[in-house]
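Here's the letter readout for the chains.
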Amino acid sequence: MAAEVSIDGVRAQAFEIPTDKPEADGTIAWNSTTLVLVEVSGGGETGLGYTYSGTSILELISGRLASVVKGKDAFSPQAAWLAMQRSVRNLGREGLAATAISAVDAAIHDLKARLLGLPLFKMLGSYRDSVPIYGSGGFTTYSDRELETQLGSWVERDGCSLVKMKVGSQPEKDIERVKVAKQAIGDRATLFVDANGAYRVQQALQFADEFSRQGIGWFEEPVSSDDLAGLRATRQRAPAGMEVAAGEYAYTVDYVRGMLEAQAVDVQQADVTRCGGVTAFLQIAALCEAFHTDLSGHCAPALHLHVACASPRLRHLEWFHDHVRIEHMLFDGAPVARDGEIRPDPWRPGNGLRFKHRDAARYAV
Ligand SMILES: [Mg+2]
């Protein structure tokens with residue numbers, strides 16, 4: 001085998017997939033989700049990565065990022081990652097640029113593993129061969145019946161012992177909605193809540209007391225993630241046993257370091273489709289190890305699966321309704337939940353995914 005394989009192509013395409021029902025969390029509402037697929041080729045193989053982002057990154061990927069990645073060695077995704085990070089310095093590394101880099105980096109890792117004929121989790125080196133998941137959705141637009149049905153299906157169909165619902169868009173309804181959710185899952189599963197930054201600190205503390213009485217031990221983004229002092233205050237003053245989690249908007253490793261140094265969270269979250277891809281997710285995993293803080297993967301479970309196996313303090317992945325639905329529609333090889341876990345297929349090289357271009361064509365932007 002050649003010691004070096006030049007990357008010779010980078011392609012990006014966007015797809016907008018309508019949700020199955022109107023969806024909202026504590027701070028925004030949406031009716032569709034945009035998936036940007038990246039395919040990177042070299043040595044006669046193609047690797048794929050993706051991000052849930054906006055169509056505006058297409059030009060960045062096929063222009064600037066492609067120009068710095070082409071000719072780089074597919075066996076050293078880190079060198080391509082560094083070149084991409086440098087190339088966006090004057091654009092701003094965060095936000096859209098980070099999502100673009102994430103998708104390209106994931107595709108290069110996939111390409112490398114396929115060239116080596118190894119599943120990605122084996123190529124990265126793994127701590128485990130399966131990953132716990134928690135069902136996630138419970139949108140604030142759902143009726144009580146819809147909430148009950150969705151939460152119940154994760155417990156019954158997917159074997160989840162952890163499920164999460166959204167709160168915060170109408171705070172006056174939150175206690176009652178949580179009661180409905182608790183009744184639907186009974187004592188078969190533990191309920192998490194995610195406010196997506198909707199509450200103020202004092203309000204969050206009141207809710208922390210109420211939620212704690214309702215048996216909830218996970219309070220995600222009780223206040224804005226931009227308010228590290230507020231997160232820390234909530235964390236320190238919340239009832240014993242209530243964990244505060246945040247980190248889904250981490251676009252750089254520095255952001256995670258800041259969050260950990262501020263002691264803002266009990267569990268750090270990160271998203272491989274936003275933080276800078278597999279390369280950055282592993283750097284974040286090492287930071288979490290150093291800070292003795294568990295890490296939880298945010299959304300896009302099919303793309304997190306392999307890197308989650310390679311992250312030491314990985315607690316679980318978010319089995320997010322929207323993304324699970326899209327990944328099953330558009331990717332052959334998307335993981336299927338069993339007994340509250342997903343596991344990579346050791347017989348499929350790379351990330352194990354194949355994009356169904358024909359099925360996806362009708363969503364092309
Ligand atoms: Mg969240």
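Residues numbered from 1 in each chain as written. Predicted model: local features only at pLDDT ≥ 70, side-chain atom pairs only at ≥ 80, totals over all residues.

Draft legend 1. View of the overall build of the chain. If you tally the helices and strands in the chain, you get 13 helices and 14 strands. Computed over the C-alpha atoms, the radius of gyration of the chain is 20 Å, within 12% of the 21 Å expected from 2.2 N^0.38 for a compact globule of 365 residues. Principal-axis analysis of the C-alpha atoms places the extent of the chain at approximately 60 × 40 × 35 Å. Going through the 365 residues of the chain one by one, you find that 51% of them count as buried. (Helix = DSSP H or I, 4+ residues; strand = E, 2+ residues; numbered from the N terminus. Rg over C-alpha atoms; globule rule 2.2 N^0.38 Å. Buried ≥ 20, exposed ≤ 12 C-beta atoms within 10 Å, placed from the backbone.)

Draft legend 2. Highlighting the environment of Glu 45. As for its position among the elements, Glu 45 is in strand E3 (residues 45–52). Here the alpha-carbon distance between Glu 45 and Leu 353, two residues 308 residues apart in the chain, equals 14 Å. Setting aside its immediate chain neighbours within four residues, Glu 45 contacts Leu 111, Arg 114 and Leu 115. (Contact = placed C-beta atoms within 7 Å.)

Draft legend 3. Highlighting the nonpolar core. Counting residues in each nonpolar core, the largest one holds 113 residues, and the members touching the most others are Val 38, Val 104, Val 163, Leu 191, Val 193, Phe 281 and Ile 284. Top element by residues in this core is helix H3 (residues 96–116). It accounts for twelve residues. Two domains share this core, each providing at least three of its residues, namely domain 1 (9–118 + 357–363) and domain 2 (122–355). (Core = buried A, V, L, I, M, F, W, Y, C linked by C-beta atoms within 7 Å. Domains from an automatic or database assignment.)

Draft legend 4. Molecular detail of the packing of helix H1 (residues 57–69) against H3. At a minimum axis separation of 10 Å, H1 and H3 run at an interaxial angle of 60 degrees. With respect to each other, H1 and H3 are oriented oblique. Our pair here, H1 against H3, has a crossing hand that is right-handed. In contact with Ile 57, Leu 60, Ile 61, Leu 65 and Val 69 of H1, H3 contributes Leu 96, Ala 97, Thr 99, Ala 100, Ile 101 and Val 104. (Axes fitted to C-alpha atoms, helices over the stretch in contact; angles between N-to-C directions. Parallel < 35°, antiparallel > 145°, perpendicular 65-115°, else oblique. Left-handed = near helix turned anticlockwise from the far one by under 90°.)

Draft legend 5. Up close: the pairing of strand E11 (residues 314–320). Among the seven residues of E11, six are classified as buried, and the element is accordingly described as predominantly covered. Sheet analysis places strand E4 (residues 131–137) next to E11, joined by four bridges and oriented parallel. From the neighbouring strand, Ser 136 faces E11, where its bridge partner is Phe 320. Looking at chain direction, strand E10 (residues 294–297) and E11 are connected through three bridges and run parallel. Residue pairing across strands places Gly 297 opposite Leu 317, the latter belonging to E11. (Pairing = 2+ DSSP bridges.)

Draft legend 6. Local environment of the sheet that holds strand E2 (residues 29–42). Spatially, E1-E2-E3 is the arrangement adopted by the three strands of the open sheet, whose pairing is antiparallel. Either end of the sheet is taken by a strand with one partner, and the two such strands are strand E1 (9–24) and E3. Mean inter-strand twist for the sheet, computed between neighbouring axes without regard to direction, equals 20 degrees. In this structure, E1 lies alongside E2, joined through twelve bridges in antiparallel fashion. Within E2, the position partnered with Ala 12 by the bridge is Val 38. Packed onto the sheet, helix H12 (residues 321–330) meets E1, E2 and E3 and runs at close to 125 degrees relative to E1.

Draft legend 7. Region of the structure containing the domain arrangement of the chain. For the chain, the assigned domains are domain 1 (9–118 + 357–363) and domain 2 (122–355). Look at where the C-alpha atoms of domain 1 and domain 2 centre, and you get two points 22 Å apart. With 44 residues of domain 1 at the contact, the number on the domain 2 side is 38 residues. Counting residues per element, the ones that place at least two in the side of domain 1 that touches domain 2 are E1, E2, E3, helix H2 (77–87), H3 and helix H13 (357–360). Element by element, the count of residues in the side of domain 1 that touches domain 2 is highest for H3, at 13 residues. For the side of domain 1 that touches domain 2, a count of residues per class yields 19 nonpolar, 14 polar and eleven charged. (Nonpolar A, V, L, I, M, F, W, Y, C, P; charged D, E, K, R; others polar.)

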